[in-house]
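Spelled out, the chains give:
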Amino acid sequence: GENVEQHPSTLSVQEGDSAVIKCTYSDSASNYFPWYKQELGKGPQLIIDIRSNVGEKKDQRIAVTLNKTAKHFSLHITETQPEDSAVYFCAARPSGGGADGLTFGKGTHLIIQP
Amino acid sequence: NAGVTQTPKFQVLKTGQSMTLQCAQDMNHEYMSWYRQDPGMGLRLIHYSVGAGITDQGEVPNGYNVSRSTTEDFPLRLLSAAPSQTSVYFCASSYSVRLSYNSPLHFGNGTRLTVT
């Protein structure tokens, strides 16, 4: 089955700086890669996703890049703000079916220092 | 539009007790699932359903039962709670069983369960 590794587990950056979270996946047939943000006491919320036929996608201050050859995808947050503090999860969906859901990374706790 | 609603928000059980975690969605979603979240383990799939009357096991199904009698509801049952089931449980749903950019997974706000 699919295996998703996420790094780092904790990331502390100064407000206004950029943050990068990286994930690798094992199943070369995976074709959908969402990123979720989880604030304290709440459920994960989708913030951006990318399909396997797209190399990069941007939405205001966040962007995701995908390198299919290396089986690697990353979340980039620019001009970080205090409200970006949260736990971020990457995920991959194998192409085989999808009914058995997403395989998630273990999460990155992003801390924005004022 | 309420989305995915989970009840209760918090629950404490003694070992051996049983309970049902409720999940309801009002988006007419075909696919529903249950995940558990443990520190350092990420989110792991317990059970899922691709439609009313159809359920299947995920990665960590032992100790849990589910049923899907209606499109809207997908309860998770713990028949005999164990301390290893202490976790945060999330219900999630999607329009289609083929999760994708146009059918993403939507999560509820979770139930925090402690088994003593």
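Values in this document were obtained by computation on a predicted structure and should not be read as measured data.

Engineer: Got a sec to walk through the overall build of chain A? Specific residues and values, please.
Structural biologist: A tally of regular secondary structure across chain A gives zero helices and 11 strands. In chain A, the succession of helices and strands from N to C terminus is β-β-β-β-β-β-β-β-β-β-β. In terms of principal-axis extent, the alpha carbons of chain A reach across some 45 × 30 × 20 Å. Burial status across chain A gives 44% buried among its 114 residues. In chain A, once contacts between residues fewer than 6 apart in sequence are set aside, the share between residues at least 24 apart is 55%. Roughly 5500 Å² of accessible area belongs to chain A as shown, and the carbon and sulfur atoms make up 46% of that amount. Here chain A carries 11 positive and 13 negative side-chain charges, and the mean point of each set is 5 Å from the other.

Engineer: Please give an account of the side chain of Gln25 of chain B that cites residues and values.
Structural biologist: Residues and elements named next belong to chain B. Position of Gln25 relative to the elements: it lies in strand S3 (residues 19-25). Engagement of the side chain of Gln25 in a polar contact is seen with the backbone oxygen of His29, the distance being 3.0 Å. Of note is the side chain of Gln25, whose polar atom sits 2.9 Å from the backbone oxygen of Thr71. Discounting chain neighbours no more than four positions away, the residues touching Gln25 are Gly3, Val4, Met32, Arg68, Thr71, Glu72 and Ser93.

Engineer: Can you lay out the nonpolar core for me, pointing to particular residues and giving the numbers?
Structural biologist: One finds Trp35, Phe73 and Leu110 of chain A to be the most contacted residues of the largest nonpolar core, which totals 23 residues. Elements with a minimum of two residues in this core: strand S2 (10-14), strand S3 (19-25), strand S4 (32-38), strand S5 (45-51), strand S7 (62-67), strand S8 (72-77), strand S9 (86-92) and strand S11 (108-113) of chain A. Judged by nonpolar contacts, the second largest core, of 19 residues, contains Met19, Leu21, Ile46 and Val60 of chain B.

Engineer: I'd like a description of the sheet that holds S3 of chain B, backed by residues and values.
Structural biologist: What holds strands together in a sheet is hydrogen bonding between their backbones, with the strands either parallel or antiparallel. Residues and elements named next belong to chain B. Strand order in the open sheet formed by four strands is S1-S3-S8-S7, and the pairing between neighbours is antiparallel. In the strand order of this sheet, the two ends are held by strand S1 (4-7) and strand S7 (64-66), each with one partner. Strand-to-strand twist in this sheet, taken as the mean axis angle between neighbours without regard to direction, amounts to 20 degrees.

Engineer: So what's going on with the state of the cysteines? Which residues, and what values?
Structural biologist: Tallied over the entire structure, the rule returns two disulfides over all chains. Covalently, Cys23 of chain A is tied to Cys90 of chain A through a disulfide, its sulfur atoms 1.9 Å apart. The sign of the -100 degrees torsion about the S-S bond sets the Cys23 of chain A-Cys90 of chain A disulfide as left-handed. Of this pair, Cys23 of chain A sits in strand S3 while Cys90 of chain A is found in strand S9, placing the two residues 67 residues apart along the sequence. Judged by relative accessible area, Cys23 of chain A falls into the buried class, the value being 1%. Each disulfide pairs two cysteine sulfurs, and for Cys23 of chain B the partner residue is Cys91 of chain B, the sulfurs being separated by 1.9 Å. With the S-S bond torsion at -70 degrees, the cross-link from Cys23 of chain B to Cys91 of chain B turns out left-handed. Taken as a pair, Cys23 of chain B in strand S3 and Cys91 of chain B in strand S9 (residues 87-94) lie far apart in primary sequence, 68 residues in all. Overall, Cys91 of chain B belongs to the buried group, its relative accessible area being 0%.

Engineer: Residue-level account of the packing of aromatic side chains, with values.
Structural biologist: Evaluation of the coordinates by the stated rule reveals 13 aromatic pairs over all chains. A ring pair is formed by Tyr36 of chain A and Phe107 of chain B, whose centres lie 5.4 Å apart and whose planes are at 85 degrees; its orientation type is edge-to-face. Taken together, the positions of Tyr36 of chain A in strand S4 and Phe107 of chain B in strand S10 (residues 106-107) put the pair across two chains. Here Phe107 of chain B falls in the buried class, since its relative accessible area comes to 12%. Relative to Tyr89 of chain B, the ring of Tyr64 of chain B has its centre 5.8 Å away and its plane inclined at 65 degrees; by these criteria the two rings are edge-to-face. Taken as a pair, Tyr64 of chain B in strand S7 and Tyr89 of chain B in strand S9 lie far apart in primary sequence, 25 residues in all. Exposure class is identical for Tyr64 of chain B and Tyr89 of chain B. Each is buried. The rings of Tyr36, Phe89 and Phe104 of chain A together with Tyr35, Phe90 and Phe107 of chain B are connected pair by pair, giving a single aromatic cluster.

The rules we used
- For every chain, the first residue of the written sequence is number 1, and numbering continues from 1 onward in sequence order.
- Chain labels run from A onward and ligand labels from 1 onward, assigned in the order the entries are written.
- For a predicted model such as this one, the threshold for reporting local features is a pLDDT of at least 70, and the threshold for listing and counting side-chain atom pairs is 80 or more; totals across whole chains, interfaces and linings nevertheless cover every residue.
- Hydrogens are left out, water is left out, and the side-chain values use all remaining heavy atoms of the structure.
- Note on conventions: DSSP H or I runs of at least 4 residues are helices, E runs of at least 2 residues are strands, and numbering of each starts at the N terminus.
- Burial classification: accessible surface area is computed with a 1.4 Å probe over protein chains only, and a residue below 20% of its type maximum counts as buried, one above 50% as exposed, and the rest as partly exposed.
- In what follows, a contact means two residues having at least one pair of non-hydrogen atoms within 4.5 Å.
- In short, Shrake-Rupley with a 1.4 Å probe defines the accessible areas, and a residue's cover is counted only from the protein chains shown.
- When charges are counted, Lys and Arg contribute as positive and Asp and Glu as negative, whereas His and the chain ends are disregarded.
- By convention, the point assigned to a charge is CZ for Arg, NZ for Lys, CD for Glu and CG for Asp.
- The definition of a polar contact used here is a pair of N or O atoms within 3.5 Å, where within protein one atom must be able to donate a hydrogen and the other to accept one, and adjacent residues in sequence count solely through side-chain atom pairs.
- Among the buried residues, those of types Ala, Val, Leu, Ile, Met, Phe, Trp, Tyr and Cys that are joined through side-chain atoms within 4.5 Å form a nonpolar core.
- By this definition, two strands are paired if DSSP reports at least two bridges between them.
- Angular values range over 0 to 180 degrees, each being the angle between N-to-C directions of two axes fitted as lines to C-alpha atoms, with helices fitted over their stretch in contact.
- Count a disulfide wherever a pair of cysteine sulfur atoms falls within 2.5 Å.
- Aromatic rings from Phe, Tyr and Trp, taking only the six-membered ring of Trp, are treated as a pair when their centres fall within 6.5 Å; an angle between ring planes under 30 degrees marks them as stacked, one over 60 as edge-to-face, and anything in between as tilted.

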